[in-house]
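The residues making up each chain are set out below.
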Amino acid sequence: MASPMRIRATMINGSTEVKVLMSHPMETGQRKDSSGALVPVHHIKEVIAKHNDKVVLQADWGAAVSQNPFLQFTFNGGAAGDTVSVTWNDNKGETRTDQVALR
Amino acid sequence: MSLDRRNFLSLGVAALGTLVSGLSFPLRLLAQHVRPDAAFAATDMAGVYAAIGSTPETSAEIVFTSPEIAENGAVVPVSVTSNIPGTTKISILVEKNPNPLTAVFYIAEGTQASVQTRVKVAQTCNLYAVIEANGKLFSASRETKVTLGGCGG
């Protein structure tokens, strides 16, 4: 199964900066392997980031987001002890959620 | 007696509160977006704009950064910040990719209209950031020269 995401959430002047590094092949379906066969498409379709229970960012992605996607965004607020969670769903129905606590 | 009445009223208020929060939950679900599949499947910029309904107007209020020269087209860092008030969506498009539309970010209230990510760029071309604010579309573009393609081939 997919490896964990690396999430770093930092509080800066009343807002929280979130950096996420996901682990995903992000195959476009256009690349050929060494034997010349097409590598089937396999990419993250949807990303949902939450601060506690509130959705702060959602994204729909195509296959052209780079392998092992990186994402950075900032939301207002955030206090020590709050959680930031990130979920992704891919086109093969795989999903993964990871979370970190704000410190 | 009056205490009873007060208790009774506060019960009513609590019940109303539950009802309202109960109602707002499905409303929020309804407000959720639908993945713009047609726009993702479009194979050129005109197709994407047709799928999203209109062509954006160029705006100087969008801060869009990408490298001028990308040595590796498979990993091109891009950053989009919109200074347009009421920004709800940030899309990233790569003109000459097989499917230009790469990513759409939905900005919730209280989240800054600024995202950074990395995209694949198949060949030297323009990258576009398209912003939706108050139902209108705005865009900014930048050219990125690619010395090695993003498709590994």
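The helix and strand tally for chain A stands at 0 helices and 7 strands. In chain A, the succession of α and β elements from N to C terminus is β-β-β-β-β-β-β. Along the three orthogonal principal directions, the C-alpha set of chain A runs to about 50 × 20 × 20 Å. By the burial criterion, 34% of the 103 residues in chain A qualify as buried. A separation threshold of at least 6 residues defines the contact pool for chain A, and within that pool the share at least 24 residues apart is 53%.

Before going further, it helps to spend a moment on the interface of chain A and chain B. Between chain A and chain B, the contact holds 27 residues from the first and 31 residues from the second. Going through the elements one at a time, strand E4 (54-61) and strand E5 (70-76) of chain A are the ones with two or more residues in the side of chain A that touches chain B. Of the residues contributing to the side of chain A that touches chain B, the split by class is 12 nonpolar, 11 polar and 4 charged.

The subject of this paragraph is the pairing of strand E6 (residues 83-90) of chain A. Residue and element names in this part refer to chain A. Where burial is concerned, the two faces of E6 differ: the one with Val84, Val86, Trp88 and Asp90 is buried and the one with Thr83, Ser85, Thr87 and Asn89 is not. Examined bridge by bridge, strand E3 (residues 44-51) and E6 share 7 bridges and lie antiparallel to one another. Paired with His51 across the two strands is Val84, which belongs to E6. Of the strand pairs in this sheet, E6 and strand E7 (residues 95-101) are connected by 7 bridges, and their pairing is antiparallel. The partner of Val84 across the bridge, within E7, is Val100. Counted between consecutive antiparallel strands, the loop separating E6 from E7 contains 4 residues, among which Gly93 sits at a positive phi close to 85°.

Residues and elements named next belong to chain B. Tracing the backbone shows Glu71 in the loop between strand E3 (69-70) and strand E4 (76-82). Among the residues examined, Glu71 registers 11 C-beta atoms within 10 Å and is labelled exposed. Taking C-alpha positions, Glu71 is 31 Å from Glu132, a pair spaced 61 residues apart along the chain.

For the rest of this paragraph, the subject is the nonpolar core. Grouped together as the largest cluster of nonpolar side chains are 54 residues, with contacts concentrated most on A:Val47, B:Ile90, B:Phe105, B:Val119, B:Val121 and B:Ala129. Residue contributions to this core peak at 6 residues, all from strand E8 (residues 125-133) of chain B.

A sheet is described by the order of its strands in space; here 6 strands give the open sequence E1(A)-E2(A)-E5(A)-E7(B)-E4(B)-E2(B), paired in antiparallel fashion. Each having just a single partner strand, strand E1 (6-12) of chain A together with strand E2 (62-65) of chain B make up the two edges of the open sheet. Averaged over neighbouring strand pairs, the angle between their axes works out to 10° when direction is ignored.

Our focus in this paragraph is the environment of A:Val84. Residue and element names in this part refer to chain A. In this fold, Val84 is placed in strand E6. Here Val84 falls in the buried class, since 22 other C-beta atoms lie within 10 Å of it. Taking the C-alpha atoms as reference points, Val84 and Ala49, 35 residues apart in sequence, are found 7.2 Å from one another. Excluding residues within four positions of it along the chain, Val84 makes contact with Ile7, Ala9, Thr16, Val18, His51, Gln99, Val100 and Leu102.

For the rest of this paragraph, the subject is the pairing of strand E9 (residues 136-146) of chain B. All names here are of chain B. Relative to E9, strand E1 (residues 57-58) runs parallel, the two sharing 2 bridges. Pairing of Thr58 across the sheet is with Ser139, part of E9. Sheet analysis places E8 next to E9, joined by 9 bridges and oriented antiparallel. Bridge pairing in E9 links Leu127 to Arg142.

Once that is clear, we can look at unusual backbone geometry. In this structure, A:Asn13 is a non-glycine residue whose phi angle is positive, near 45°. Mapping A:Asn13 onto the fold places it in the loop between E1 and strand E2 (15-21).

With that out of the way, let us pick up the confidence of the model for chain A. On average, residues of chain A score 93 in pLDDT, and 99% of them are at 70 or above. Looking at the elements of chain A, mean pLDDT is at its lowest for E1(A), recorded as 94, and at its highest for E5(A), recorded as 97.

Turning our eyes to something else, we now look at the confidence of the model for chain B. Per-residue confidence for chain B gives a mean pLDDT of 83; residues scoring 70 or more make up 75%. With pTM at 0.84, the complex prediction returns an ipTM value of 0.93.

So, how was this worked out
- Residues numbered from 1 in each chain as written.
- Chains lettered and ligands numbered in written order.
- Predicted model: local features only at pLDDT ≥ 70, side-chain atom pairs only at ≥ 80, totals over all residues.
- Helix = DSSP H or I, 4+ residues; strand = E, 2+ residues; numbered from the N terminus.
- Buried ≥ 20, exposed ≤ 12 C-beta atoms within 10 Å, placed from the backbone.
- Contact = placed C-beta atoms within 7 Å.
- Nonpolar A, V, L, I, M, F, W, Y, C, P; charged D, E, K, R; others polar.
- Pairing = 2+ DSSP bridges.
- Core = buried A, V, L, I, M, F, W, Y, C linked by C-beta atoms within 7 Å.
- Axes fitted to C-alpha atoms, helices over the stretch in contact; angles between N-to-C directions.
- pLDDT = per-residue confidence, 0-100.

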